[in-house]
Amino acid sequence: MSNVIRVNGQAKGGSKFHKIIVAILSAILIDFVGTFGLLSLSTKLRMFNYAFFVTVFFEIFVAVMAYAYYFKIREGGFDGKKASAGFNFKDFAMNILVGVVGIFFLYASLHQFDRMNSIKAKEAHLAYKALSYFKSYEERALDALNETISYDRDNTKLIRERAGFQVIYGEKLKDEDNEAASRLFDFAIEDYRRVASAYADDPEYYYERGTAYRLAGASRTDEALADFLTAIEKYNGEDEEIENKYRFGYIRTCKEHAVDDKDVLYASYCMFHEMVDGDDKEDIKKDITNYACAEWYSDMAEICQKIDSSEAEILDLYDKAIIENPYDATLYVGRAGFREPTDDNLQAIVDDYTKAIECTPDNLEYYYLRGWAYYEVGGDANYEKALADFNEVIKRDSKHYSSLAGMAYVHANMKDYDEAISYINRAISVKGYASYYEARGRMYYYKGDYDQAIADYEKSISLDGRADLCRKLIISAYYRRDDNYDKVRELAEKEIAERPDNPYLSSFYCIYGHTYYDEGQYDKALEKYRAAYNVGKSKDIGDESLAFYLGNCGDVYSAIENYELAEKEYTSAQNKLDKTSLDWGKYGYQRACAMFYQKKYDSVMSCLEEITNNTSDSALLQDCYKLIGHSYYSKAEYNDAIREYELSEKQTTDPVEKADCFYWMAYAYHNMGEKDAAADCAYKAVTLDPTNEEYKKFLDEVNQA
C-alpha cells in the first residue's frame with residue numbers, strides 16, 4: 001500500500017523514507033556549499049576573526065529555514081496528513097538531524113580551514129627564514145613574516161620575532177633612509193608592546209625593546225634606559241656576558257643620545273667599572289671580542305667627558321681601547337678630538353690622526369681633521385701644514401667643502417684675503433652655508449670692502465645664520481666704512497631698543513661709544529662705555545670683554561689727560577685677566593703709560609718688569625723695554641736707559657721702530673757727554689729712517705758739537 005499525497009488535485013507518489021532522504025540531502029547540500037563558500041570568502045578577505053561566527057550564523061539560518069519549510073509551508077506532514085498547527089515531533093527530529101549534520105560539516109570545514117592556514121603559515125615562515133639570510137631581500141623577508149602572522153594573529157612568538165627583524169632591518173636602513181628606518185622602529189616598538197604581558201619576566205625581551213627605543217632616537221631615551229635597567233634587574237642567571245650586554249645597552253644609549261643628566265651618566269660609569277674592574281674581569285675579557293671591549297672603553301671615554309672625569313682617566317680609557325683594537329681608526333680620532341689643540345698637545349693630536357689615516361688611507365675626513373688641528377693651534381709653520389692637508393683632500397675631492405673652507409680660513413689668518421675669498425667662494429658654490437657667508441663677510445671686512453662684508457652678513461642672516469652676531473658685525477662694518485656716524489648710531493639704537501635680549505647688546509653700546517670717542521665727545525663716549533660694561537656684566541659675557549670696556553674707559557681718561565683715573569681703569573681691566581693673556585700685558589702697558597705721565601717711574605718699571613717676565617710677544621716686549629728705558633732716562637739713569645733701548649731694538653725687525661730706539665740711545669749718550677757713541681746711534685737712526693727730519697737735525701747737532 002503506497003502513500004499518496006495530493007497537490008492541486010493530482011496525486012504524487014513516494015515513500016515517507018524517500019522524502020526524508022531527499023529533504024536531508026537538500027539541506028546538507030545547501031549547508032556544505034554555504035559553509036565552504038563563507039570560509040573561502042573569509043580566507044580571501046583575511047576576515048579570520050569573524051569566519052567562525054559568520055558560519056555558525058549560516059548554520060542556524062539553514063536549520064530555521066528547513067524547519068519553516070517542512071513545518072509551516074507544506075500542506076502535509078511526512079505521514080501524508082495535513083500538518084497540524086501544533087508541535088510535530090517527526091518534523092522537529094528531522095530538523096535536529098539536519099542541524100547535527102550541519103555542525104559536523106562546520107567542524108570539518110573549520111578543521112580543514114585551520115589545516116590550510118597552518119600549512120600556509122609554515123610556508124610563509126620558511127620563506128621568511130630563507131629570505132632573511134640575504135641582505136638585499138630584507139623587505140621581501142618582512143613581507144613573508146607579515147603573511148605568516150596574518151594566518152596566526154595572536155602568536156606572540158611570531159610577533160616578537162617580527163619586532164626583532166624590524167629593528168635589524170631599520171638599523172641597516174638608518175643611514176640610507178632615516179624616515180623608513182624610523183617607521184620600522186616604531187612598528188617594532190608597537191609589536192613589543194602587544195606581547196608585553198607574555199614576556200613580562202623575560203630580561204631578554206626588555207633588552208630587545210630597549211634596543212628598539214635606543215635606535216628610535218633621542219626622544220625615546222628615557223624608555224630605552226628604563227628597559228635596559230629592567231633587563232639588568234630581572235636577569236638572575238650566572239652568565240656575566242649576558243648581563244654585560246644589558247649594561248652595555250644602557251651605556252651606549254647614554255653615549256649616542258648625548259644624555260646630560262649626570263646621575264644617569266654616573267650610573268653608566270659604575271656599570272662600566274662593574275664590567276671591567278671586577279674580580280672576574282679576566283674571565284669577562286675571554287668571553288668577548290677585542291672589538292667589543294674596545295667599543296666599551298671608547299664609549300665610556302665619551303661618557304666620562306660629560307661627567308667631568310680627569311683628563312688622565314679619559315686618555316687612559318682611549319689607550320685601553322686602542323690596545324684592544326689598534327686597527328680601529330675611530331679610536332685614534334676620538335682620542336685626538338678629546339685633546340685640547342695647544343702647542344703642547346699638537347704632536348700627540350697629529351700622531352693620532354696620522355695613525356687613523358694609516359688605518360683607513362682612503363678616508364679624506366682624517367686628512368681634513370689633521371689639517372684643522374694645525375689650523376687651530378696656528379703659527380706660520382702650522383698653517384703651511386694645514387694647507388698641505390686640506391690640499392691633499394681637495395686633490396682627491398674637489399668639492400670637499402670643509403677643506404675648501406679650511407683653506408680659506410688659513411689664508412685669512414695669514415692675511416692673504418684674496419686667496420681666502422677665492423677658496424670660500426668655491427666652498428659656497430658646493431654648500432651655501434650661512435657660516436660660510438659670515439666668514440666671507442669677515443674676509444671682506446679685513447680687506448676693507450665693507451659694502452661686500454655687509455651684504456654677506458645680511459645673506460647669512462637670511463639663511464638662518466647667527467643673526468645676533470651678524471647684526472653686530474654689520475654695525476662694525478658701517479662704523480669702519482663711514483666718517484658720518486649717523487647710520488651707525490641709528491642701527492645701534494634700533495638694536496638696543498628692539499632686541500634687549502641680544503647677547504651682543506653690550507657691543508652695540510661699545511660701538512656707539514666709539515663714534516663719540518672719534519668725534520672727541522668724551523663724556524658721551526664714557527657714558528656708552530660704562531653702559532657696555534654694565535650690560536655685559538649683567539649678561540655674564542666674560543672677563544675679556546669686560547676688560548675691553550674698562551680699557552675703553554681708560555682710553556677716554558687718557559685722552560682728557562686724567563691719568564690718575566686712566567690708571568685706575570687700566571688696572572681694573574688688567575685684574576680681570578690671567579697673566580697668560582696677551583690683553584693682560586696690553587692693559588698693564590697702558591697702565592704703565594698712565595703712571596709714566598704721572599712721573600711714577602719706579603711704579604712704571606715694576607709694572608713693566610712683571611709683564612716682561614710673563615710674555616713672549618715681541619711687539620709688547622719692545623714697547624715695554626722702551627718705556628722702561630724712558631723711565632730710566634727721565635730719572636737721568638742713562639746707562640740703564642741705554643740697556644733697555646738696546647733690548648727694545650732687538651725685539652723688532654721694523655726699521656722705523658729700530659730707528660726710534662737708536663735715536664733715544666743717541667740722546668742718552670749725548671746727555672752723558674759721549675759724543676762719538678751719540679753720533680753713531682744718530683747715524684743708525686737716520687740710515688734706518690731717512691725721511692725723519694728730526695733724526696737728521698739731531699745728527700747735525702751732534703756732529704757740530
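These figures come from a predicted structure and were not determined experimentally. (Residues numbered from 1 in each chain as written. Predicted model: local features only at pLDDT ≥ 70, side-chain atom pairs only at ≥ 80, totals over all residues. Heavy atoms only, no water.)

Novice: How do you make sense of the packing of aromatic side chains when you look at a structure like this?
Specialist: Centre-to-centre distance and the angle between the planes together describe a pair of aromatic rings. What the rule picks out here adds up to 32 aromatic pairs. Ring geometry for Tyr-368 against Trp-372: centres 6.1 Å apart, planes inclined by 35°, an arrangement best described as tilted. Here Trp-372 and Tyr-368 lie together in helix 16 (residues 364-377), a separation of four residues that amounts to about one turn. Given a relative accessible area of 13%, Tyr-368 falls into the buried group. Relative to Tyr-638, the ring of Tyr-633 lies with its centre 5.3 Å away and its plane at 70°, an arrangement referred to as edge-to-face. (Phe/Tyr/Trp six-rings, centres within 6.5 Å; stacked < 30°, edge-to-face > 60°. Helix = DSSP H or I, 4+ residues; strand = E, 2+ residues; numbered from the N terminus. Buried < 20%, exposed > 50% of the residue type's maximum accessible area, 1.4 Å probe, protein only.)

Novice: Got a minute to help me understand the pattern of salt bridges in this structure?
Specialist: Proximity of charged atoms lets side chains of opposite charge pair with each other. Inspection of every chain in the model, using the stated rule, returns 38 salt bridges. Several salt bridges converge on common partners, so that one network encompasses Asp-468, Arg-471, Glu-495, Glu-498 and Arg-499. (Salt bridge = Lys/Arg side-chain N within 4 Å of Asp/Glu carboxyl O.)

Novice: What should I look at first to understand the side chain of Arg-209 in this one?
Specialist: Considering the arrangement of structural elements, one finds Arg-209 in helix 7 (residues 203-216). Classification of Arg-209 by relative accessible area gives buried; the value is 15%. Within polar-contact distance, the side chain of Arg-209 engages the side chain of Asp-227 at 2.7 Å. What Arg-209 contacts, discounting residues up to four positions off in sequence, is Tyr-192, Ala-196 and Asp-227. (Polar contact = N/O pair within 3.5 Å; in protein donor to acceptor, adjacent residues only side chain to side chain. Contact = heavy atoms within 4.5 Å.)

Novice: Help me out: how do you make sense of the confidence of the model for the protein in this one?
Specialist: When pLDDT is low, close inspection of the predicted coordinates is not appropriate. Averaged over all residues, the pLDDT of the protein equals 81, while 73% of them reach at least 70. Here residues 44-50 is modelled with pLDDT under 50, and outside its nearest four sequence neighbours on either side it reaches 13 contacts, counting other chains as well. Low pLDDT, under 50, characterises residues 279-288; the stretch is placed with 14 contacts to residues that sit more than four places away or in other chains. (pLDDT = per-residue confidence, 0-100.)

Novice: Is there a simple way to explain the packing of helix 22 (residues 467-481) against helix 24 (residues 505-518) in this structure?
Specialist: A pair of packed helices is characterised by two quantities: the angle between their axes and the separation of those axes. Running from N to C, helix 22 and helix 24 cross one another at 5°; their axes reach a closest spacing of 10 Å. Relative to helix 24, the element helix 22 is oriented roughly parallel. Every residue of helix 24 that contacts helix 22 at Asp-468, Arg-471, Lys-472, Ile-475, Ser-476 and Tyr-479 is listed here: Ser-507, Phe-508, Ile-511, His-514, Thr-515 and Asp-518. Each residue belonging to the contact of helix 22 with helix 24 can be placed in one class, and the counts come to four nonpolar, four polar and four charged. (Axes fitted to C-alpha atoms, helices over the stretch in contact; angles between N-to-C directions. Parallel < 35°, antiparallel > 145°, perpendicular 65-115°, else oblique. Nonpolar A, V, L, I, M, F, W, Y, C, P; charged D, E, K, R; others polar.)

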